[in-house]
Amino acid sequence: MKKQNLNQFLEILDKMFPHAHGELNYQNIYQLFVAVMLSAQTTDVRVNIVTPSLFEKYPSFKALKEAKLEELEDLIKSVGLYKTKAKNLISSASIVVDKYNGEVPTSLEELIKLPGVGRKTASVILIEGHNIPAFPVDTHIERTSKRLGFALPKDDAYKVELKLRKKFPQEMWRKLHHQMIFLGRYVCLARKPDCENCLLNEICPKKEYKVKSKSKKV
Ligand code: SF4
């Protein structure tokens, strides 16, 4: 995408999603940590269904550290990969309590050493929990970045993240990452992007809408 189109891209996104925000429910950084860990390969809606009873039973890292594996599994069994997630939650809670005195680490390097915490999860915790600049790249951001020409089809999530970090100023990362998730979740869908109704179709290099329009005229 050309440089002048980048400004247009940001303006259009503001029009499309002026109030884009994270859709996981949480009240504090402990709850954010748990919700983000649970959200891997699961919808936020599903996570929001199980977290109220989880937070009631285990209101802190200390309580989660002491959780019995089978009881935690039972609480989150409607979430994908629940057995692995339950094990990782208890292990991570133990490390946070024992090594970090109950405080969530503030660096990506420390966060990704916790069991089950990948780069995307760590980045969400940094940006949402600690207000430290990060650019979490999930499946929606990876896909829309490629369609919009910010990254190459062969790029993995890490390469996409580096390219987005380079292209956009740090102070935009938080809002932009929410807006791009909304774009991928509600308009630029994986199987059937709604290019015809997407306000970005004039500047988007994917041009499905334009191709369709031309072919209709023939
Ligand atoms: S024009 Fe189509 S491909 Fe481009 S961002 Fe919009 S929905 Fe996605």
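Residues numbered from 1 in each chain as written. Predicted model: local features only at pLDDT ≥ 70, side-chain atom pairs only at ≥ 80, totals over all residues. Heavy atoms only, no water.

Colleague: Lay out the domain arrangement of the chain in plain terms, naming residues and giving numbers.
Modeller: When the parts of a complex come together, some accessible area is lost, and that lost area is often used as the size of the interface. Domains assigned within the chain are domain 1 (3-20 + 136-213) and domain 2 (29-129). The C-alpha centroid of domain 2 is placed 29 Å from the C-alpha centroid of domain 1. Each partner contributes to the interface: domain 1 provides ten residues, whereas domain 2 provides seven residues. Here domain 1 packs against domain 2, burying approximately 750 Å² in sum over the two surfaces, 53% of which is carbon and sulfur. Its largest share of buried area at the contact with domain 2, domain 1 owes to Pro136, Glu161 and Arg174, together 53% of the area lost on that side. Summed over the shared surface of domain 1 and domain 2, the result is three salt bridges. In this structure, arginine 185 and aspartate 44 form a salt bridge, with 3.4 Å as the shortest nitrogen-oxygen distance. Breaking the side of domain 1 that touches domain 2 down by element, the ones donating at least two residues are helix H10 (157-167) and helix H11 (173-186). Residue composition of the side of domain 1 that touches domain 2, grouped by class: four nonpolar, two polar and four charged. (Domains from an automatic or database assignment. Contact = heavy atoms within 4.5 Å. Buried area = accessible area lost by both parts, 1.4 Å probe. Salt bridge = Lys/Arg side-chain N within 4 Å of Asp/Glu carboxyl O. Helix = DSSP H or I, 4+ residues; strand = E, 2+ residues; numbered from the N terminus. Nonpolar A, V, L, I, M, F, W, Y, C, P; charged D, E, K, R; others polar.)

Colleague: I'd like a description of the packing of aromatic side chains, backed by residues and values.
Modeller: This model, assessed by the stated rule, comprises nine aromatic pairs. Geometrically, the ring pair formed by phenylalanine 150 and phenylalanine 168 is edge-to-face, given 5.5 Å between the ring centres and 85° between the ring planes. Taken together, the residues span a long stretch of sequence, with phenylalanine 150 in the loop between helix H9 (139-147) and H10 and phenylalanine 168 in the loop between H10 and H11 at a distance of 18 residues. In this structure phenylalanine 150 comes out as buried when scored by relative accessible area, which is 3%. Ring geometry for phenylalanine 182 versus tyrosine 186: centroids 5.3 Å apart, planes at 80°, classification edge-to-face. (Phe/Tyr/Trp six-rings, centres within 6.5 Å; stacked < 30°, edge-to-face > 60°. Buried < 20%, exposed > 50% of the residue type's maximum accessible area, 1.4 Å probe, protein only.)

Colleague: Give a description of the pattern of salt bridges that names residues and reports values.
Modeller: Within this structure, the stated rule accounts for twelve salt bridges. Arginine 119 is the salt-bridge partner of glutamate 161, the closest N and O atoms lying 2.8 Å from each other. Placement of the pair is glutamate 161 in helix H10 and arginine 119 in helix H8 (residues 119-129), with a sequence separation of 42 residues. Notably, a salt bridge pairs aspartate 155 with lysine 163, separated by 2.7 Å at the nearest N-O pair. Of the residues examined, lysine 163 reaches a relative accessible area of 30% and is grouped as partly exposed. A single network of salt bridges, built from pairs that share partners, joins Glu23, Asp44 and Arg185.

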